[in-house]
Amino acid sequence: MDDAVARALAIGPDSSTTAHTIDITTLGARSGIARRIEIWFHRVDGRWYLTGMPGPRNWYANLRANPRFIVHLKHGVTADLPATAALVDEPTRRRVITEVLELQNRPEIATRVSRRQNFDEWFAGSPLVEIVFDDEQLRTASSAPTR
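Rules behind the numbers
Residues numbered from 1 in each chain as written. Predicted model: local features only at pLDDT ≥ 70, side-chain atom pairs only at ≥ 80, totals over all residues. Heavy atoms only, no water. Helix = DSSP H or I, 4+ residues; strand = E, 2+ residues; numbered from the N terminus. Buried < 20%, exposed > 50% of the residue type's maximum accessible area, 1.4 Å probe, protein only. Contact = heavy atoms within 4.5 Å. Areas by Shrake-Rupley, 256 points an atom, 1.4 Å probe, with all protein chains shown as cover. Phe/Tyr/Trp six-rings, centres within 6.5 Å; stacked < 30°, edge-to-face > 60°. Lys NZ or Arg CZ within 6 Å of the ring centre and 35° of its normal. Pairing = 2+ DSSP bridges. Axes fitted to C-alpha atoms, helices over the stretch in contact; angles between N-to-C directions. 1 Å grid on protein atoms, 1.4 Å probe; cavity = no way out; pocket = protein on both sides within 12 Å on 5 of 7 lines; lining within 4 Å. Points joined across faces, edges and corners; volume = space filled by probe spheres on them. Nonpolar A, V, L, I, M, F, W, Y, C, P; charged D, E, K, R; others polar. Polar contact = N/O pair within 3.5 Å; in protein donor to acceptor, adjacent residues only side chain to side chain.

A. Structural view of the overall build of the chain. Scanning the chain for helices and strands turns up seven helices and six strands. Counting from the amino terminus, helix and strand elements in the chain follow one another as α-α-β-β-β-α-β-β-α-α-α-β-α. Here the chain, with 147 residues, has 42% of them falling under the buried criterion. Long-range pairs, those at least 24 residues apart, make up 66% of the contacts in the chain with a sequence separation of at least 6. Summing over all exposed atoms, the chain offers an accessible surface of approximately 7900 Å²; the carbon and sulfur share of this is 50%.

What follows is the structure in structure tokens.
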């Protein structure tokens, strides 16, 4: 695995918002057409996740219908990483949403949103999937500590 890719994936609670920003390409749930969007990804307990504000999200519907997708790293490293979206169990959901909201509610980030993010609202209504990279080296890199 390329060192730049490893660094880009080694995000943690102290990483910048830029470091959390990636693009993903999914296949449309109904159309099958490739759709690319910008989104934040998160690393919790050595695993990577996609989530977003509560409510329906096209990217989530796309991944539920077609779980194969591409993670596009950027901001200092260019890499297109094939992956599969995996649904998460309730304890994992609770842990990930808690960590994501700790980041979302930081003063430097919270100023960009209209109000403080609420755990119950996020837990009940936010899309959440684990990113499972095809590359075995990327999957085993998840044991490295976050920064």
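B. Summary view of the packing of aromatic side chains. In total, this model carries three aromatic pairs according to the counting rule given. Ring plane angle 75 degrees and centroid distance 5.9 Å describe the contact between Trp 59 and Tyr 60, whose orientation is recorded as edge-to-face. By relative accessible area, Trp 59 is classed as buried at 8%. Geometrically, the ring pair formed by Phe 119 and Phe 123 is stacked, given 5.4 Å between the ring centres and 20 degrees between the ring planes. With Phe 119 and Phe 123 both in helix H6 (residues 119–125), this residue pair falls four residues apart, about one helical turn. Lying across the ring of Phe 123, Arg 93 places its NZ or CZ 5.6 Å from the centre. The lysine or arginine in question, Arg 94, covers the ring of Phe 123, its NZ or CZ lying 4.4 Å from the ring centre.

C. Representation of the sheet that holds strand E5 (residues 79–86) within the structure. Overall, antiparallel pairing links the six strands, which are arranged E1-E2-E3-E6-E5-E4 in a closed barrel. Mean inter-strand twist for the sheet, computed between neighbouring axes without regard to direction, equals 45 degrees. Bridging between E5 and strand E6 (residues 128–133) involves four bridges; their strand directions are antiparallel. By the bridge assignment, Ala 83 is partnered in E6 with Phe 133. In the packing of helix H3 (residues 58–65) onto the sheet, the strands contacted are strand E1 (21–27), strand E2 (34–44), strand E3 (47–51), strand E4 (68–73), E5 and E6, and the crossing angle to E1 comes to about 50 degrees.

D. Structural context of the layout of surface pockets. Taken as a whole, the second largest pocket encloses approximately 220 Å³ of empty space. Around the second largest pocket sit Thr 26, Gly 28, Ala 29, Arg 30, Ser 31, Arg 35, Ile 37, Asn 58, Trp 59, Ala 61 and Asn 62, which together line it. Every element with two or more residues in the lining of the second largest pocket is listed here: E2 and H3. The greatest single-element share of the lining of the second largest pocket, amounting to four residues, is contributed by H3. By residue class, the composition of the lining of the second largest pocket is four nonpolar, five polar and two charged.

E. Spatial organisation of the environment of Asp 23. Checked against the element boundaries, Asp 23 lands in strand E1. According to the relative accessible area criterion, Asp 23 is buried, its value standing at 10%. Between the C-alpha atoms of Asp 23 and Phe 41, which are 18 residues apart in sequence, the distance is 9.3 Å. Among all residues touching Asp 23, those that are not within four sequence positions of it are Arg 36, Ile 37, Glu 38, Ile 70, Val 71, His 72 and Lys 74. Among the polar contacts made by the side chain of Asp 23, one reaches the side chain of Lys 74 at a distance of 2.7 Å.

F. Highlighting the side chain of His 20. Looking at the element boundaries, His 20 is found in helix H2 (residues 17–20). When its relative accessible area of 2% is taken as the criterion, His 20 is described as buried.

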